[in-house]
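Read off the chains here:
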Amino acid sequence: FATGQLMGREGRYAEADYWFRLALERNPDARYWYINRADFALAANNLSLALQIYQDVITRFPNFSRAYYEMAWAYYLDGQIGEAVKSIDQAISLTESPSLTYWERAGMIYESTGDFEDALAFYRRALAINPNSAVALEGMKRLEGEH
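Now for a quick tour of the structure. Everything numeric here is computed off the predicted structure, so don't read it as measured data. (Residues numbered from 1 in each chain as written. Predicted model: local features only at pLDDT ≥ 70, side-chain atom pairs only at ≥ 80, totals over all residues. Heavy atoms only, no water.)

### A closer look at the overall build of the protein chain
Note the following rule: Put simply, DSSP marks the helices as runs of H or I at least four residues long and the strands as runs of E at least two long, and each gets a number from the N terminus on. Each radius of gyration is computed over the set of C-alpha atoms, and the globule rule expresses the reference value as 2.2 Å times the number of residues to the power 0.38. Note on classification: 1.4 Å probe, protein chains only; a residue is buried when its accessible area is under 20% of the maximum for its type, exposed when over 50%, partly exposed between these limits. Contacts are assigned to residue pairs that have any heavy atoms within 4.5 Å of one another.
The number of helices and strands found in the protein chain is 9 helices and 0 strands. Secondary structure of the protein chain in N-to-C order comes out as α-α-α-α-α-α-α-α-α. In terms of overall size, the protein chain behaves like a compact globule, its C-alpha atoms giving a radius of gyration of 16 Å where 147 residues would be expected to give roughly 15 Å. Considered along the principal axes of its C-alpha atoms, the protein chain spans approximately 50 × 30 × 25 Å. In the protein chain, which comprises 147 residues, the share counted as buried stands at 46%. Across the protein chain, every contact between residues at least 6 apart in sequence was considered, and the portion connecting residues at least 24 apart equals 41%.

In structure tokens, the structure reads:
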């Protein structure tokens, strides 16, 4: 796993993926290792591989909110906004107390759908956690200025 991380940090994504696959064969229950592997697939701009990895981890760990959270971003980047909404909603529903980043990401995704009311609500939740959240403040400024 560490070798995969090193290769990924050097931008050697294909080699990194090889090492991540080997590590996961030896430790298939390491949920965050899948996330790390998918993160490097995203860094390599391989959205289809990242989405496949997220699907695999969700199949293996169906209540793992972090996988849905990350998958939402991959769908967003891939232009699959409807799937991004489903994924971020699932991530939030599986988390007892969503973190700042969950609310920020939900705001961005909902804003991209044109659902400004829900986007504002998510940004407000982010600001309740961190009143200095740049993502939420910028989103609020954009949306309140227009609507």
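### What about the environment of Ile 129?
Mapped onto the elements, Ile 129 comes out in helix 8 (residues 116-129). On the accessibility criterion, Ile 129 (47% relative accessible area) is partly exposed. In this structure, the C-alpha to C-alpha distance between Ile 129 and Glu 117, residues 12 residues apart in sequence, is 19 Å.

### Remarks on the environment of Val 135
Here Val 135 is to be found in helix 9 (residues 134-146). Using a relative accessible area of 29% as the deciding quantity, one classes Val 135 as partly exposed. Setting aside its immediate chain neighbours within four residues, Val 135 contacts Glu 104, Met 108 and Tyr 123.

### A word on the nonpolar core
The condition is simple: We define a nonpolar core as any set of buried Ala, Val, Leu, Ile, Met, Phe, Trp, Tyr and Cys residues linked to one another through side-chain atoms lying within 4.5 Å.
In terms of nonpolar packing, the biggest core is built from 43 residues, with Tyr 54, Val 57, Met 71, Ile 88 and Ile 92 touching the most fellow members. Going through the elements one at a time, helix 3 (31-43), helix 4 (47-60), helix 5 (65-77), helix 6 (81-93), helix 7 (100-113), helix 8 and helix 9 are the ones with two or more residues in this core. For this core, the leading source of residues is helix 4, giving 8 residues. Setting aside anything within four residues of it in sequence, one finds Val 57 in contact with Arg 31, Tyr 34, Ile 35, Phe 64 and Ala 67.

### Details of the pattern of salt bridges
To keep it simple, the criterion reads: The term salt bridge refers to a pairing of a side-chain nitrogen on Lys or Arg with a carboxyl oxygen on Asp or Glu at a separation within 4 Å.
In this structure the tally under the stated criterion is 10 salt bridges. Between Arg 142 and Glu 111 there is a salt bridge; the shortest N-O distance is 2.7 Å. One end of the pair, Arg 142, is in helix 9; the other, Glu 111, is in helix 7, with 31 residues separating them in the sequence. For Glu 111, a relative accessible area of 15% corresponds to the buried category. Ionic pairing is found between Glu 144 and Arg 124, a salt bridge with its closest N-O pair at 3.9 Å. Within this pair, whereas Glu 144 is found in helix 9, its partner Arg 124 is found in helix 8, the two being separated by 20 residues in sequence. Take Arg 124: its relative accessible area is 44%, and that puts it in the partly exposed class. Because the salt bridges share partners, they merge into one network encompassing Glu 10, Arg 12 and Glu 15.

### A closer look at unusual backbone geometry
One non-glycine residue with positive phi stands out, namely Asn 45, at about 60°. When you line up the elements, Asn 45 lands in the loop between helix 3 and helix 4.

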